[in-house]
Amino acid sequence: MSADLAKQNAARAALDYVKDGMIVGLGTGSTSAHLVRFLGERVRDGLKIRGVPTSEATRNLAEQVGVPLLEISQVTALDVDIDGADEIDPGFRLIKGGGGALLREKIVAAASRQMVVIADETKWVKTLGEFPLPVEVTRFGFMLTLERVREALRATGCAGDEVSLRTSGKSNEPVITDGGNYILDAHARKIADPDALGDALKRVAGVVEHGLFIGLAQTVILGRADGAEIKTL
Ligand code: 5RP
């Protein structure tokens, strides 16, 4: 409950970064869902923005609460992207993709003039890797890709090298992303060199995108039960 309050406080503080006329990237996950609901209230009060959702789940929520939307194909750049994270390190490097939306999230973040990360304070870590790194892969040949991802973890000095296919808790079927791909969760435990791992993963055939977001965020809003702390690089 207090974690949810912290998420709400982070999302509320991010409203200051949204101004009339902006095109806003709408993140995915429970913290971003709070943001979308708050934006819906502001839109009802007269705020004029258009959102670009980073997942079908966020699209559905934004439509429900009345945030006007644009398709990604209708924009060449966004003013601000506001999204959650699974881990954030002091260099504002992120692990994202716990909700499986990392591909669209990264495309939207990379097209935005500014990325604001909203998270409860437990997401702030000294070293990335305790949270398993999501890697989106093609379904074709995914077991081969899984082995190459393991090799990338080993080659870049990660503490762990287990990699698992993400399945849904209920049916135990592989989770399929909005882009029709699978997600591998790479249990690196400690990522010694995030840049090197990101580069190594990008070179693996079958990897569509990975959840390391490096050089994208300029602002991090860490929510607590009693407020929010704003950090800038
Ligand atoms: C989805 C994400 C989310 O932003 C991340 O998993 C954080 O989620 P939450 O706000 O529910 O803690 O990357 O792909």
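Right above here is the structure, for reference.
Residues numbered from 1 in each chain as written. Predicted model: local features only at pLDDT ≥ 70, side-chain atom pairs only at ≥ 80, totals over all residues. Heavy atoms only, no water.

Draft legend 1. Fine view of the nonpolar core. Residues Leu39, Ile49 and Ile82 are the most contacted members of the largest nonpolar core, which totals 27 residues. At the level of elements, α1 (2-14), β1 (23-26), α2 (30-44), α3 (56-65), β3 (80-83) and β6 (115-120) are the ones that each hand at least two residues to this core. In terms of residues, this core owes the most to one element, α2, which gives six residues. Those residues within four positions of Ile49 in sequence are excluded, and the remaining contacts are Val18, Lys19, Met22, Val24, Leu39, Val43, Val67 and Pro68. (Core = buried A, V, L, I, M, F, W, Y, C linked by side-chain atoms within 4.5 Å. Buried < 20%, exposed > 50% of the residue type's maximum accessible area, 1.4 Å probe, protein only. Helix = DSSP H or I, 4+ residues; strand = E, 2+ residues; numbered from the N terminus. Contact = heavy atoms within 4.5 Å.)

Draft legend 2. Broad picture of the site of the ligand. Around the ligand lies a shell of 17 residues, among which Ser30, Thr31, Asp86, Gly97 and Lys123 are the nearest. Between the ligand and Lys96 there is a distance of 2.9 Å, counted from an oxygen atom to a side-chain nitrogen or oxygen. Residue Gly100 places a main-chain N or O atom 3.4 Å away from an oxygen atom belonging to the ligand. Protein coverage of the free-state accessible area of the ligand, which is 370 Å², stands at 92%. (Near = heavy atom within 4 Å. Polar contact = N/O pair within 3.5 Å; in protein donor to acceptor, adjacent residues only side chain to side chain. Areas by Shrake-Rupley, 256 points an atom, 1.4 Å probe, with all protein chains shown as cover.)

Draft legend 3. Expanded view of the pairing of strand β9 (residues 182-187). Most of β9 sits out of view: five of its six residues are buried. For strand β7 (residues 133-137) and β9, the ladder comprises five bridges, and the chain directions are antiparallel. Across the sheet, the residue bridging to Leu133 is Ala186, located in β9. Pairing of strand β8 (residues 162-165) with β9 involves four bridges; the strand directions are antiparallel. Within β9, the residue paired with Ser164 across the bridge is Asp185. (Pairing = 2+ DSSP bridges.)

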